[in-house]
Amino acid sequence: MAQVVDTSDFYSGLKFKWQDSVWEVLDFQHHKMGRGGATVKTKAKNLFTGSIVETSFRSGERFERIVFDEKPAQYLYQEGDGYVFMDLDSYDQISLSKAILGDAVLFLKDNLDVNLEMYEGKVMTIELPKSVELKVVRTDPGFKGDTVSGSGKPATLETGLTINVPMFINEGEVVVVDTRTSQYIERAKK
């Protein structure tokens, strides 16, 4: 039995069926007009094509909710435009394109455990762990006394991701990064 959701149930990350395709809610806002009914302005990503659209739905409009099957996998390496993962159940290697992975490629490092999210036997996206440890490859040096201020400095990590880190972080150090917000959490424990 398919689960039905309406626009009041929308949240970022919700997957739903619309226009014979599978969509993921990226952002949404409820709007109440003066005389008319309320609408929900939604930014959604088509998980088959990768295209992103902004559209409005009437408040209360109903959709079929999609729940993906998950398979444990491990990231192995990048080969050309593809990113190769190993299915941890069957040990098959699966190559996924950047179009499918999106910004997740900025957190991929060798031997990272992920979940492949599948719909009708096809990999739609991956679920990353909540945080990953990445090495700082480029940042400006910190200065004595800068540790007190709440400001930070930009740092480029080993995967090419640039984040804001505290002033005391130097090149070569490993930091923990939140994969949902792309923000610095802490210096990695040694």
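Rules used throughout
- Residues numbered from 1 in each chain as written.
- Predicted model: local features only at pLDDT ≥ 70, side-chain atom pairs only at ≥ 80, totals over all residues.
- Heavy atoms only, no water.
- Helix = DSSP H or I, 4+ residues; strand = E, 2+ residues; numbered from the N terminus.
- Buried < 20%, exposed > 50% of the residue type's maximum accessible area, 1.4 Å probe, protein only.
- Contact = heavy atoms within 4.5 Å.
- Lys, Arg positive; Asp, Glu negative; His and termini not counted.
- Charge placed at Lys NZ, Arg CZ, Asp CG, Glu CD.
- Phe/Tyr/Trp six-rings, centres within 6.5 Å; stacked < 30°, edge-to-face > 60°.
- Pairing = 2+ DSSP bridges.
- Axes fitted to C-alpha atoms, helices over the stretch in contact; angles between N-to-C directions.
- Salt bridge = Lys/Arg side-chain N within 4 Å of Asp/Glu carboxyl O.
- Polar contact = N/O pair within 3.5 Å; in protein donor to acceptor, adjacent residues only side chain to side chain.

J.: Please give an account of the overall build of the chain that cites residues and values.
T.: Looking only at helices and strands, one finds one helix and 16 strands in the chain. C-alpha atoms of the chain, sized along the principal axes, occupy 60 × 50 × 25 Å. Expressed as a percentage of its 190 residues, the buried residues of the chain come to 39%. Within the chain, contacts between residues separated by at least 24 positions form 43% of all contacts whose residues are at least 6 apart in sequence. Separation of charge centres in the chain, based on 23 positive and 29 negative side chains, amounts to 7 Å.

J.: For the packing of aromatic side chains, give the residues involved together with the corresponding values.
T.: For the structure shown, the criterion picks out 11 aromatic pairs. One aromatic cluster in this structure is built from F10, F16, W18, W23, F57 and F63.

J.: How would you summarise the pairing of strand β15 (residues 174-178) if you had to cite specific residues and measurements?
T.: Burial of β15 is extensive: four of the five residues sit out of reach of the surface. Pairing geometry for strand β12 (residues 131-139) and β15, over five bridges, is antiparallel. Within β15, the position partnered with S131 by the bridge is D178. Pairing between β15 and strand β16 (residues 183-187): four bridges, direction antiparallel. Its bridge partner lying in β16, D178 is registered against Q183. Linking β15 back to β16 in an antiparallel pair, the connection comprises four residues, with S182 at a positive phi of about 60°.

J.: How would you explain the sheet that holds strand β8 (residues 82-87) if you had to name every residue and give the values?
T.: Judged by pairing direction, the sheet is antiparallel, and its five strands sit side by side in the order β9-β8-β7-β10-β11 without closing on themselves. Two strands close off the open sheet at either side, each with one partner strand: β9 (93-97) and β11 (122-127). The sheet shows a mean angle of 45° between the axes of neighbouring strands, direction not considered.

J.: So what's going on with the pattern of salt bridges? Which residues, and what values?
T.: All chains considered together, the criterion is met by six salt bridges. We note a salt bridge from E117 to K15, for which the minimum N-O separation is 3.8 Å. Remark: K15 occurs in strand β2 (residues 15-18) and E117 occurs in strand β10 (residues 113-119); sequence separation between them is 102 residues. Residue E117 shares its accessibility class with K15, and that shared class is buried. Across the pair D87 and K71 runs a salt bridge, and its minimum N-O distance is 3.0 Å.

J.: Just give me the short version of the side chain of D6, but keep the residues and values in it.
T.: Mapped onto the elements of the fold, D6 is located in strand β1 (residues 3-6). Here D6 is buried and forms no salt bridge, its nearest opposite-charge partner R62 lying at an N-O distance of 5.0 Å. At a separation of 2.5 Å, a polar atom in the side chain of D6 contacts the side chain of S8. Setting aside chain neighbours within four positions, we find D6 in contact with G60, E61 and R62.

J.: Please provide a residue-by-residue account of the side chain of T39, values included.
T.: Tracing the sequence through the fold places T39 in strand β4 (residues 39-46). With residues near it in sequence (within four places) discarded, T39 still touches Q29, H30, H31, M33, F57 and S59.

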